[in-house]
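# Remarks on the overall topology
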Amino acid sequence: MDDQLIYSTLFNVIEFLGTFAFAISGIRHAAAKHFDWFGGFVCGVAVAIGGGTIRDVMLGVTPFWMTSSVYLVCTVMAQMFVIVFARYLKRLDNAWFLFDTLGLALFTIAGLQKTIDCGHPFWVAIIMGCITGSAGGVIRDVLLNNVPVIFQKEIYAMASVVGGLAYWGFVTAGLNVSMAVVLSFLIICAIRLLAVKYHISLPILKGEE
C-alpha cells in the first residue's frame with residue numbers, strides 16, 4: 001500500500017469518525033432539550049457537517065457531504081445509536097462532553113489536512129482547522145438557543161488552535177503524517193479534558209461598570 005493510499009484512507013477514517021462523534025454530541029444535546037427524532041437528526045447534521053461546510057465554501061471546493069452520502073448515513077447511524085442506547089448514555093453525565101471533545105479533535109485535523117491539500121499555507125490551515133472543529137458546535141448551540149461554547153470562558157476553540165500549531169510543528173520537524181495526526185489528536189483531547197477538570201479558562205472581558 002503506497003503512502004498516498006494510506007494518507008487518503010486515514011483522512012476518510014478521520015472525517016467519518018469526526019462526523020459520528022459530532023452527530024452524537026448534537027443529538028444528545030437535542031435529547032436534553034426534549035426534541036423529537038427529526039429535530040435531533042437536524043441538530044446532529046448541523047453539528048456534523050456545519051464546520052466542514054463553512055470550511056469548504058471558504059476554500060472554494062464542493063462541500064464534502066455533497067460528494068458522498070456516507071456522512072448523512074453516519075448521522076442516521078449516530079441517531080440510532082443514541083436511541084438504542086439512550087438508557088445507558090443517561091448514566092454517563094459527561095458522555096456528550098466526551099463525544100464533543102473527540103469530534104473537535106478529529107475535525108480539527110481533517111480541516112488542517114484538507115486545507116494543506118488545497119495548497120494553502122499553514123496559518124490558513126490552522127484557522128480552517130479551528131473553523132471545522134468549532135463552527136458546527138456554534139450552529140448547534142444557536143439551534144438549541146444556548147450561548148455557543150466557544151464564546152464562553154471554557155477552553156474549546158483554543159484547544160483546536162494549539163492542536164493545529166502542534167501539527168505544524170510536528171510536520172515541520174519531519175515527523176510522518178500519521179504520527180503527527182495521532183499526537184495532535186491527543187494534544188487537543190488532553191487540553192480540553194484538563195481544562196474542564198481543573199477549571200482552566202481564558203480571562204473574561206470586563207465591561208463598563
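Below is a summary of the structure that appears in this document. Because the structure is predicted, anything quoted here is derived from the model rather than measured.

The next thing to look at is helix H2 (residues 37-59). Helical geometry note: an α-helix holds 3.6 residues per turn, so side chains three or four residues apart project in the same direction. Between its first and last C-alpha atoms H2 spans 33 Å; for 23 residues at 1.5 Å apiece the expected length is 33 Å, and the two agree. Within H2, the axis deviates most sharply at Ile49, by approximately 40°. N-cap assignment for H2: the residue whose side-chain oxygen lies 3.2 Å from the backbone N of Phe38 is Asp36. Taken from the residues just after H2, Gly60 is the one with a positive phi, measuring 75°.

Right, let's get into a nonpolar patch on the surface. A grouping of Phe38, Val42, Ile54, Met58, Ile139 and Leu143 is seen on the molecular surface, where their side chains present a nonpolar patch of about 540 Å² in accessible area. At the level of elements, H2 and helix H6 (122-143) are the ones that each hand at least two residues to the nonpolar patch. As for its position among the elements, Val42 is in helix H2. Judged by its relative accessible area of 35%, Val42 falls in the partly exposed class.

The rules we used
Numbers given to residues run from 1 along each chain, matching the order in which its sequence is written. Totals for whole chains, interfaces and linings use all residues, but because this is a predicted model, local features are given only for residues with pLDDT of at least 70 and pairs of side-chain atoms are given and counted only at 80 or more. Side-chain measures here rest on the full set of heavy atoms in the structure, leaving out hydrogens and waters. In this description a helix means any DSSP run of H or I spanning at least four residues, a strand means any run of E spanning at least two, and both kinds are numbered starting from the N terminus. A helix is expected to span 1.5 Å multiplied by its residue count minus one. A residue's bend is the angle separating two fitted axes: one through the seven residues that end there, the other through the seven that start there. Polar contact is defined as a pair of N or O atoms within 3.5 Å, subject to the rule that within protein one atom must be able to donate a hydrogen and the other to accept it, and that residues adjacent in sequence are counted only when both atoms are side-chain atoms. Each patch is built from salt-bridge-free residues with over 30% relative accessible area, joining like charges within 9 Å and nonpolar side chains (Val, Leu, Ile, Met, Phe, Trp, Tyr) within 5 Å. Computed with the Shrake-Rupley method and a 1.4 Å probe, the accessible areas treat only the protein chains shown as cover for residues. What makes a salt bridge here is a side-chain nitrogen of Lys or Arg within 4 Å of a carboxyl oxygen of Asp or Glu, nothing more. Throughout, exposure labels follow a simple rule: accessible area from a 1.4 Å probe, protein chains only, divided by the maximum for the residue type, with under 20% read as buried, over 50% as exposed, and the rest as partly exposed.

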